[in-house]
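Working through the structure, step by step
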Amino acid sequence: MTETLPADEAAIARCAALLREGGLVAFPTETVYGLGADARSDAAVGRIYAAKERPRFNPLIAHVADVGAALGQGVFSAEAARLAVAFWPGPLTLVVPAGPGCTVSALARAGLGSVALRVPAHPVTNALLRAAAIPVAAPSANRSGRISPTTAAHVRLDLQGRLDVILDGGACSVGLESTIVSCLDRPTLLRPGGIARHMLEAVLGTALAAPARHEAAVPVAPGLLGSHYAPRARLRLDATSVRAGEAVLDFGGQLAEAGVASVDLSPTRDLAEAAARLFAALHDLDATGAAGIAVASVPATGLGVAINDRLARAAAPRP
Ligand code: TXA
Ligand code: MG
């Protein structure tokens, strides 16, 4: 049985207790909804993989309430500390060497000597993490390969019956997963996300390195793109016109023709607005049953890099 509860004080307290007891709780963050479990417990973390039907045990992000809690888990280089202070709480994940005080389980870290840490900015997440007072492992609350959830309803559609409680805190404001930076060596961008690269580089005073292919959370060559965020409908990227039977995912009013259904991510070409709407738009257009979705081009600058990454994955050939 899965209950959905409005994220009030009582529900947050109950979910914090559930997490401490090894339960599975979906909760809102500023990026996407997370499927959370006690990161210290292999058994609890194992339930996440089972619920998501993840084919592989890839490492998960451990969410903590504040910078102090993060510093207790990892070893922060001067650069990692600069990024933490500048962007936490917020949509940034830092991969750092696990510290002597690290309590994140081997399963959540996939056996690695490093740990991925994030301090979310959403008030509900923060209240939950403070009340639970444990690191919470949380990938996006969707079945493996499906579109990431930005509302409680999206989580219900995908995972109903597979977790204990869905904490409903409304729609996510950023709408894209966190940016992941590895600080094991030179700071390296592993996944574009809710914080644009130039903002990170402004704080660091240097360019972020590109990942070696084997450590890339995001494969760079289109042929290597894993199929993720996959709607049932086929996506046709950089469309300049609409074909019969297609739904339309527009940006800045480029595709004037009305398709089966149409969403403009941002009529004013605001990339933050487009990011916040992206996954909900894919969910909605897919629900129309259209065979294909014509997708207008989105500029690959700032948050547009992460938007294009998610679109490319949604359009990638299925396994
Ligand atoms: O916005 C987000 O980051 C969301 C919300 C719920 O916080 N979470 C999320 O988690 O996207 P997940 O599990 O889908 O993303 C984890 C990513 C994976 O791509 C994984 O490869 C990378 O983080 N990762 C985790 N630990 C790592 C490590 N030790 N080294 C390298 N990459 C790591
Ligand atoms: Mg995900």
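One can find the structure itself at the top, above this paragraph.
The structure contained in this document is the topic of the report that follows. (Residues numbered from 1 in each chain as written. Chains lettered and ligands numbered in written order. Predicted model: local features only at pLDDT ≥ 70, side-chain atom pairs only at ≥ 80, totals over all residues. Heavy atoms only, no water.)

A closer look at the overall build of the protein
Put simply, the test is: The numbering of helices and of strands both runs from the N terminus, where a helix is a DSSP run of H or I of at least 4 residues and a strand a run of E of at least 2. Three labels apply to residues, based on accessible area from a 1.4 Å probe with only protein chains included: buried if under 20% of the type maximum, exposed if over 50%, partly exposed otherwise in between. Here, residues are in contact when the closest pair of their heavy atoms is within 4.5 Å. Reported accessibility uses the Shrake-Rupley method at a 1.4 Å probe radius. Residues are deemed covered only where the shown protein chains occlude them.
Counting secondary structure elements, the protein contains 9 helices and 14 strands. Each principal axis of the C-alpha atoms in the protein carries an extent, and together these give about 60 × 50 × 35 Å. Classification of the 319 residues of the protein by burial places 54% in the buried group. Partitioning the contacts of the protein with sequence separation of at least 6, the portion at a separation of at least 24 is 68%. In the structure as shown, the protein presents an accessible area of about 12,900 Å², 57% of it carried by carbon and sulfur atoms.

Quick look at the pairing of strand β3 (residues 34-38)
Worth spelling out the cut-off: Strands were regarded as paired on the criterion that DSSP finds at least two bridges between them.
Taken across its 5 residues, β3 has 5 buried, putting it largely inside the fold. In the sheet, strand β2 (residues 25-27) pairs with β3 via 3 bridges, with the strands oriented antiparallel. Counted as the bridge partner of V25 is G36 from β3. Taking the residues between adjacent antiparallel strands as the criterion, β2 and β3 are bridged by 6 residues.

A short note on unusual backbone geometry
Only a minority of non-glycine residues have a phi that is not negative, and only a minority of peptide bonds are not trans. Across the junction of W88 and P89, the peptide omega takes the value -5 degrees, indicating a cis bond. Positionally, P89 belongs in the loop between α4 (78-87) and β5 (92-97). Of note, the phi angle at R269 is positive, near 60 degrees, even though the residue is not glycine. Here R269 is to be found in the loop between β13 (262-264) and α8 (271-287).

Structural notes on the site of ligand 1
Put simply, the rule reads: The near set for a molecule or strand comprises every residue that places at least one heavy atom within 4 Å of it. Within 3.5 Å is the distance limit for a polar contact, defined as a pair of N or O atoms, with the added protein rule that one can donate a hydrogen and the other accept it, and that residues adjacent in sequence qualify only through two side-chain atoms. Three residue categories are used. Nonpolar comprises Ala, Val, Leu, Ile, Met, Phe, Trp, Tyr, Cys and Pro, charged comprises Asp, Glu, Lys and Arg, and polar comprises the others, including Gly.
The environment of ligand 1 is formed by 22 residues, the closest being T31, H63, S114, S178 and R191. A distance of 3.5 Å is found between an oxygen atom of ligand 1 and a side-chain nitrogen or oxygen belonging to R54. Between ligand 1 and the protein, one listed contact pairs a nitrogen atom with a side-chain N or O atom of S114 at 2.8 Å. Burial of ligand 1 by the protein chains amounts to 88% of its free accessible area of 680 Å². Elements with a minimum of two residues in the shell around ligand 1: β4 (61-63), β6 (114-118) and β10 (188-191). Broken down by element, the residue count for the shell around ligand 1 peaks at 3 residues, all from β6. Across the shell around ligand 1, the residue classes tally to 12 nonpolar, 6 polar and 4 charged.

Examining the packing of helix α1 (residues 9-20) against helix α5 (residues 123-132)
To keep things clear, this is the line we draw: Where helices are involved, their axes are fitted lines through C-alpha atoms of the stretch in contact, as for all axes, and angles between N-to-C directions lie from 0 to 180°. These descriptions rest on fixed angle ranges, namely under 35 degrees for roughly parallel, over 145 for roughly antiparallel, 65 to 115 for roughly perpendicular, and the rest for oblique. For a crossing to be left-handed, the near helix must be turned anticlockwise from the far one by less than a right angle; the clockwise case is right-handed.
Interhelical geometry of α1 versus α5 gives an angle of 50 degrees and a closest axis separation of 8 Å. One element, α1, and the other, α5, form an angle in the oblique class. Here α1 runs over α5; the crossing is right-handed. When α1 is examined against α5, the residues I12, C15, A16, L19 and R20 are found in contact with a partner set consisting of V124, A127, L128, A131 and A132. In terms of residue class, the contact of α1 with α5 is built from 9 nonpolar, no polar and 1 charged.

Quick look at the sheet that holds strand β8 (residues 165-168)
Spatially, β1-β8-β2-β3-β7-β4-β6-β5-β9-β10 is the arrangement adopted by the 10 strands of the open sheet, whose pairing is mixed. Where the open sheet ends on each side, the last strands, each with one partner, are β1 (3-6) and β10. The sheet contact formed by β4 and β6 spans 3 bridges and is parallel. Within the sheet, the bridge partner assigned to I61 lies in β6 and is A116. Across the sheet, helix α6 (residues 152-159) touches β1, β2, β3 and β8, and the angle it forms with β8 is around 165 degrees.

What to know about the nonpolar core
For clarity, the cut-off: To qualify as a nonpolar core, a set must consist of buried Ala, Val, Leu, Ile, Met, Phe, Trp, Tyr and Cys residues joined through side-chain atoms within 4.5 Å.
Formed by 46 residues in total, the largest nonpolar core has its most connected members in F76, L83, W88, L92, L94 and V181. Every element with two or more residues in this core is listed here: β3, α2 (42-52), α4, β5, β6, α6 and α7 (197-204). At 5 residues, α2 tops the list of elements feeding residues into this core. Once residues lying within four places of it in the same chain are set aside, the contact partners of L94 are F76, A80, L83, A84, W88, V115, A116, L117, V181 and C183. Formed by 28 residues, the second largest nonpolar core is a distinct cluster that contains A275, A290, I293 and L311.

Some details on the sheet that holds strand β12 (residues 246-250)
With respect to topology, 4 strands assemble into an open sheet ordered β11-β14-β12-β13, the strand pairing being parallel. Both edges of this open sheet fall to β11 (234-236) and β13, since each of them pairs with a single strand only. In this sheet, neighbouring strand axes are inclined to one another by 20 degrees on average, regardless of whether the strands run parallel or antiparallel. Two elements, β11 and strand β14 (residues 292-295), share 3 bridges in a ladder whose sense is parallel. Opposite L235, over in β14, you have I293 as the bridge partner. Packing against the sheet, α8 makes contact with β11, β12, β13 and β14, and its axis sits at approximately 170 degrees to β12.

Focus: the pattern of salt bridges
Counted only if it meets this: By convention in these notes, a salt bridge is any Lys or Arg side-chain nitrogen within 4 Å of a carboxyl oxygen on Asp or Glu.
Counted by the stated rule, this structure contains 13 salt bridges. One salt bridge connects R14 with E3, and the closest N-O pair in it is separated by 2.7 Å. Of the two residues, R14 sits in helix α1 while E3 sits in strand β1, which places them 11 residues apart along the sequence. Taking relative accessible area as the criterion, E3 reaches 31% and is therefore assigned partly exposed. Residue R236 is joined to E246 by a salt bridge in which the shortest nitrogen-to-oxygen separation is 2.8 Å. One end of the pair, R236, is in strand β11; the other, E246, is in strand β12, with 10 residues separating them in the sequence. You'll find R236 and E246 in the same group, each marked buried. Put simply, E177, D309, R310 and R313 are held in one network by salt bridges that share partners.

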